[in-house]
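Secondary and tertiary structure notes
So the chains spell out like this:
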Amino acid sequence: MGMTEEHEPRWLVLDGYEDEPAAFGVPPYIGFHIRYLCGVLEEANIDYRYMTIDQWRDFVIKNGEKGIAKLLSKIEGFACIAGAVVPGKYLRGTPISLNEMQKIVRKLPSDIPAILGGWAIRGWKQQGWNPLRKNLFLAVQDTDATLFHFLNTSQWKNQRRNSQQWTKWSHLGAQSKAVQFHPDLGTEEKPGPLTYEVEVYQGCVRYKRGCKFCIEPKKGVPIWRTPEDIIQEVRIAHDMGVKHVRLGGMTDTYTYMAEGVKELEYPIPNPEPIARLLHGLREDERLEILHTDNGNPSIIAENLELSEEITKTLVETLSDGAVLSFGLESADPNVHEANWLNCDSKQLKTAISLINKYGKQRGKRGLPKLLPGLNFIAGLNGETKQTYQMNLDLLNEIRDENLLLRRINIRQVEGKGFQEIPQEEFINFKNAVRNTIDKPLLQDLFPLGSKLCNVHWESHDGRTRLSKHMEEQHTSESCRGKPGITFGRQIGAYPILIGAQYHIPLESQSDIIVTGHGARSITGVEINMDHDVISQKQLEAIPGIGEKSAWKLISQRVKSKRKNGNDSTYENPELWFDDSNIEWSDTFSPFFKIK
């Protein structure tokens, strides 16, 4: 269906981005709930327009109130997923806020049906937000099934999707406008970093007595999708140009289709279906980056042999840089008891050792194949000031055993019924982790002089991508080597932020050598630069060259061209250095194209 002038789309689907523990949907990710919603409209043959909240913000700036009024006056229905209750810091897009949502709701034509879904809607509703507007529905179950029910009965009523609908809408969603027109899809010549988040299953095996702070156990007994169903969905997404996939919606990769979920405290991992899924996805040549979701250390520790088999499969099939997030939350046994947490420190260390045993080796992008991430939550019941020391002691033990962690995430608990956080201890713990654990870890993970491939450059002079960064002065070759900073990341889950100390055209990719470490980011310089056009800023960024030498090199090159004509070049960088009276070092070689 082409969008033509005389035929305006009937519904507006606004992607407010979801961000749940087991569901990524903030760019470069495209979330699954927004796709299912589009799948329902596709099935009903209703024409619609897909917009991200960032595209909406740009539209508001460019077209003002009049433009919004005109756009909204033509629609016959509105659907939105808002998924971040407390939006965090994002580099490539910011989820819709309650304030923005209220403004949009006020501007909708008064009689059209409107449905809002996602975890933020539940959160805001609990906080007392209840807009008075007829025909507006706040969905607290499956937004897609609820919309489907409305389209068929004209009645608003919370619904859950059944497994046939799940398959149908996920497959239709894979070819929907949410994928086709996603700004991060890019083109064949210039692919974007879009990463397709797939829902593998719902809920958590600890649904009877799950972690008290978590939303997943509230989803009930886990419902799995079959490997074949997921592989088929991803195949459709590949047909639309998708290259990168993350297996999301998994509270624990190791309990996909596990045995004894209803009977056992520690269900028994089942290596066969996860292998069928992962190898089946890899059979499609179009798949580039493949990453996964969380892992439960207690399941791994209590079933070591089967978990070892699954770990080997993960290392064989996933792209390097894969992270399995482990939710320890607290090393304090009292906190573990009081909050029904899923693993203790001993189980955690067993699981970390297993992942390190197979996952430490580096893959073709220069990253360890598979590493654990570790989550801590402050403010859980039973916590005392000593809890933070226990957490730190555990981290030091992990480091003393030479075990690698890819990231340590420390957050404060959300929701009601938890404790006040002792601020001083909390801040001291956070700082101790950043300075004594994170920094040395970064140096082990990304050693100086090591090479990282396919860095996707995203923003200039600040870590957050702005809409102006899409303009030509930021994306064209002409900005290369100019003063400033460029930030980029490799594609995949939890990529490290990389800064280069000069401008690189945005939305392009290159390989770098690691030249320095920040607190939670690294600096790098591109490899294979052309000595005939390299700029002063690019030279300065190379370790061992510095401002003075860079200036001398540039002046010498100008002089030589003046003397010998503009087309004259030094045969290789060594001659150029020699001519400029600057000593050549072999450590410079990787940064230059040696002809």
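Bear in mind that the values here come from a model prediction, so they are computed numbers and not experimental data.

So, about helix α18 (residues 546–564). Look at α18: 27 Å from first C-alpha to last across 19 residues, which is about the 27 Å you get at 1.5 Å a residue. Those residues of α18 that fall on the buried side of the exposure criterion are S549, A550, L553, I554, Q556, R557, S560 and K561. Down the axis of α18, the buried set is contained in an arc of 160 degrees. They therefore lie on one face. Away from its buried face by more than 90 degrees, α18 exposes E547, K548, W551, K559, R562 and K563. Positive backbone phi, at 95 degrees, marks G565, one or two positions downstream of α18.

The subject of this paragraph is the pairing of strand β21 (residues 521–526). Taken across its six residues, β21 has five buried, putting it largely inside the fold. The pairing of strand β19 (residues 497–500) with β21 spans three bridges and is parallel. Residue pairing across strands places L497 opposite S521, the latter belonging to β21. The pairing of strand β20 (residues 509–517) with β21 spans five bridges and is antiparallel. Bridge pairing in β21 links I512 to E526. Following β20, the chain reverses through three residues before pairing antiparallel with β21.

Here the focus is the sheet that holds strand β15 (residues 370–378). Reading across from one edge, β13-β14-β15-β16 is the order of the four strands in this open sheet, with parallel pairing throughout. In the strand order of this sheet, the two ends are held by β13 (294–295) and β16 (407–412), each with one partner. Both β13 and strand β14 (residues 322–329) contribute to a ladder of two bridges, which runs parallel. Directly across from N294, in β14, lies its bridge partner S325.

The next subject is the nonpolar core. Residues L247 and F592 are the most contacted members of the largest nonpolar core, which totals 127 residues. Considering each element in turn, this core owes the most residues, eight residues, to helix α15 (residues 423–445). Excluding residues that lie within four positions of it along the chain, F592 makes contacts with N528, M529, H531, I534, L539, I542, P573, W576, F577 and W584. The next biggest cluster of nonpolar side chains, apart from the first, holds 31 residues, and it includes L72, V105, A120 and L138.

With the rule as written, the count across this model stands at 18 aromatic pairs. Judged by centre distance (3.9 Å) and plane angle (10 degrees), the rings of F150 and W156 are stacked. Each ring, one from F376 and one from F429, has its centre 5.6 Å from the other, and the planes form 85 degrees; the classification is edge-to-face. Taken as a pair, F376 in strand β15 and F429 in helix α15 lie far apart in primary sequence, 53 residues in all. On the basis of relative accessibility, which here comes to 4%, the residue F429 falls in the buried class. Following the ring pairs from residue to residue traces out a cluster consisting of W576, F577, W584, F588 and F592. Lying across the ring of Y48, K177 places its NZ or CZ 4.9 Å from the centre. The ring of F24 has R246 sitting right over it, with the charged end atom 3.5 Å from the ring centre.

Quick notes on the rules
Residues numbered from 1 in each chain as written. Predicted model: local features only at pLDDT ≥ 70, side-chain atom pairs only at ≥ 80, totals over all residues. Heavy atoms only, no water. Helix = DSSP H or I, 4+ residues; strand = E, 2+ residues; numbered from the N terminus. Expected span 1.5 Å × (residues − 1). Buried < 20%, exposed > 50% of the residue type's maximum accessible area, 1.4 Å probe, protein only. Arc of directions from axis to C-beta. Pairing = 2+ DSSP bridges. Core = buried A, V, L, I, M, F, W, Y, C linked by side-chain atoms within 4.5 Å. Contact = heavy atoms within 4.5 Å. Phe/Tyr/Trp six-rings, centres within 6.5 Å; stacked < 30°, edge-to-face > 60°. Lys NZ or Arg CZ within 6 Å of the ring centre and 35° of its normal.

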